[in-house]
Amino acid sequence: MANEHATDNNAHPDISKLAGGLAIVTGGASGIGHAILEAAVTHGLHPVIVDIDAEAIKVAEAKLKRIADSNELRVSGIEVDVSSEESVLSLRNTIEDQMPGVPISLLVCNAGVGAGGGVIGARDIDWDFVLGVNVKGVAHFVRHFVPKMLEQNAPGSFVATSSQDGLCAAQGVYGVTKHACVALCEALYQELRGRLSVHVLCPNVVGTNIVRSGTHRPERFGGPTPASSATEALVERFKNFGMPPSRCAEMVFNAIQSGDFYILAEAEEDPGHIYNQAKVRMDAILNHGRPFRPPSEFIARVFRPST
């Protein structure tokens, strides 16, 4: 039997058909995740803020309510550790109890951590932390939410946030996990066969708090790592030079409408860099080359400012 809500070439050209459903976004209390929720409200979706930071959730709820109330949309904020399957299952049960019968129109696995260091020096506990959030955090939602989306009689979209590091020659534990995130989305797209649209967001530098993610590191992974003065300075440079999160959100909804799978979210100051990095990597694979990351003056300015 044909699926009346199957996507057209991985696209929902009439995005208004998603209106009235839930937009569940992990890492939704700040940065890219919060910007996606703000955009989701303008498209008529009920925002569900999923985050590990309880205080940030409260702030995000207050911000979203100002725009959601006028559209008669319900804002929900739920504290979740995406690396814990138990926590994700609890979220699913809470949503089913609080919003029965409301379809999940948009699921965005955006939560991520920038940590781990190099692959030689990383400890088991570092691998477990970064893999737990950046890969298993996505896999938990694929296993426990995507089947529910397939059962509902409504259209839907799945998005995961990877990175430019998921497309170029990988560096460090973070790069390994972001390649895995892209691969997971590619596998999901092929398994779903158009029943939901699937997209992977691959930004370079965005004005978010990702470099401060160690401050919410769960105890089973070693506990919180206080942000150093150097970390705080890097956060400021990300926010001063990086792409606005709202631009990433705009690109996500454009991709849902157009059907684009890979979303290359390049900073305006660095046009074509992600494309070039992916091309250089693929050329190396096909032509007996070796891993190489073309340099970027823009990224160097963000990470290694002149003193």
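Up top you'll find the structure we're talking about.
Just so you know, these numbers come straight off a predicted model, no measurement behind them.

Participant: Could you give an account of the overall build of the chain, with specific residues and numbers?
Facilitator: Across its full length, the chain holds 11 helices and seven strands. Here the C-alpha atoms of the chain give a radius of gyration of 19 Å, agreeing with the 19 Å that 2.2 N^0.38 yields for 307 residues. Projected onto its principal axes, the C-alpha positions of the chain cover 55 × 45 × 35 Å. If you take every contact in the chain between residues at least 6 apart in sequence, the share linking residues at least 24 apart comes to 74%. Only carbon and sulfur atoms are counted for the fraction: they give 51% of the accessible area of the chain, which is about 14,400 Å².

Participant: An account of the pattern of salt bridges is requested, with residue identities and associated values reported.
Facilitator: Under the defined criterion, the tally for this structure stands at 11 salt bridges. Between aspartate 126 and arginine 123 there is a salt bridge; the shortest N-O distance is 2.9 Å. It is possible to trace a salt-bridge network through shared partners that takes in Arg123, Asp126 and Arg217.

Participant: I'd like to hear about the sheet that holds strand β3 (residues 76-79), residue by residue, with values.
Facilitator: Spatial ordering of the open sheet is given by β3-β2-β1-β4-β5-β6-β7, a layout of seven strands whose pairing is parallel. Lying at the two open borders of the sheet, with one neighbouring strand each, are β3 and β7 (262-265). For this sheet, the mean inter-axis angle between neighbouring strands, taken without regard to orientation, is 15 degrees. Two strands pair when backbone bridges link them, and strand β1 (residues 22-26) and strand β2 (residues 46-51) are joined in this way by five bridges, in the parallel orientation.

Participant: Quick one: what's the story with a nonpolar patch on the surface, residue by residue and with numbers?
Facilitator: A surface patch of nonpolar side chains, about 300 Å² in accessible area, is lined by Val119, Ile120 and Val176. Positionally, valine 119 belongs in the loop between β4 (104-109) and α4 (124-134).

Participant: Outline helix α10 (residues 273-286), supporting the account with residue identities and numerical values.
Facilitator: For α10, spanning 14 residues, the distance from its first C-alpha to its last is 20 Å, which sits close to the expected 20 Å at 1.5 Å a residue. Every buried residue belonging to α10 is among His273, Ile274, Gln277 and Ala284, and all of these are buried. An end-on view of α10 places all buried positions within 105 degrees of arc, on one side of the element. Across α10 from its buried face, at more than 90 degrees, point the exposed residues Tyr275 and Leu286. The elements touched by buried residues of α10 are β6 (197-203), β7 and α11 (297-303). Looking at the residues trailing α10, positive phi occurs at histidine 288, about 60 degrees.

Participant: Hey, could you go over the packing of aromatic side chains for me, with residue numbers and the actual values?
Facilitator: According to the stated counting rule, one finds five aromatic pairs in the structure shown. A centroid spacing of 5.8 Å and a plane angle of 45 degrees characterise the contact between phenylalanine 129 and phenylalanine 221, whose relative ring orientation is tilted. Of this pair, phenylalanine 129 sits in helix α4 while phenylalanine 221 is found in the loop between β6 and α8 (229-241), placing the two residues 92 residues apart along the sequence. Here phenylalanine 129 and phenylalanine 221 have matching classes, each one buried. Seen in terms of ring centroids, phenylalanine 141 and phenylalanine 145 are 5.1 Å apart; in terms of plane orientation they differ by 25 degrees. Their pairing is stacked. Accessibility expressed as a relative area gives 0% for phenylalanine 141, which makes it buried. Under the relative-accessibility criterion, phenylalanine 145 is labelled buried at 1%. Taken together, the ring pairs connect Tyr189, Phe261 and Tyr262 into an aromatic cluster. For the cation-ring pair, arginine 301 lies above phenylalanine 241, with the distance from its terminal atom to the ring centre recorded as 5.3 Å.

Participant: Outline the packing of helix α1 (residues 31-42) against helix α2 (residues 54-68), supporting the account with residue identities and numerical values.
Facilitator: Two numbers describe how α1 lies on α2: the axes approach to 10 Å, and their chain directions differ by 20 degrees. Taken together, the axes of α1 and α2 lie roughly parallel to each other. Taken as a pair, α1 and α2 cross one another with a handedness that is right-handed. Seen from α1, the contacting residues are His34, Leu37, Glu38 and Val41; seen from α2, they are Ala60, Lys63, Leu64, Ile67 and Ala68. Of the residues belonging to the contact of α1 with α2, the class tally is six nonpolar, one polar and two charged.

Basis of the calculations
- Residues numbered from 1 in each chain as written.
- Predicted model: local features only at pLDDT ≥ 70, side-chain atom pairs only at ≥ 80, totals over all residues.
- Heavy atoms only, no water.
- Helix = DSSP H or I, 4+ residues; strand = E, 2+ residues; numbered from the N terminus.
- Rg over C-alpha atoms; globule rule 2.2 N^0.38 Å.
- Contact = heavy atoms within 4.5 Å.
- Areas by Shrake-Rupley, 256 points an atom, 1.4 Å probe, with all protein chains shown as cover.
- Salt bridge = Lys/Arg side-chain N within 4 Å of Asp/Glu carboxyl O.
- Pairing = 2+ DSSP bridges.
- Axes fitted to C-alpha atoms, helices over the stretch in contact; angles between N-to-C directions.
- Patch = residues over 30% accessible without salt bridge, like charges linked within 9 Å, V, L, I, M, F, W, Y side chains within 5 Å.
- Expected span 1.5 Å × (residues − 1).
- Buried < 20%, exposed > 50% of the residue type's maximum accessible area, 1.4 Å probe, protein only.
- Arc of directions from axis to C-beta.
- Phe/Tyr/Trp six-rings, centres within 6.5 Å; stacked < 30°, edge-to-face > 60°.
- Lys NZ or Arg CZ within 6 Å of the ring centre and 35° of its normal.
- Parallel < 35°, antiparallel > 145°, perpendicular 65-115°, else oblique.
- Left-handed = near helix turned anticlockwise from the far one by under 90°.
- Nonpolar A, V, L, I, M, F, W, Y, C, P; charged D, E, K, R; others polar.

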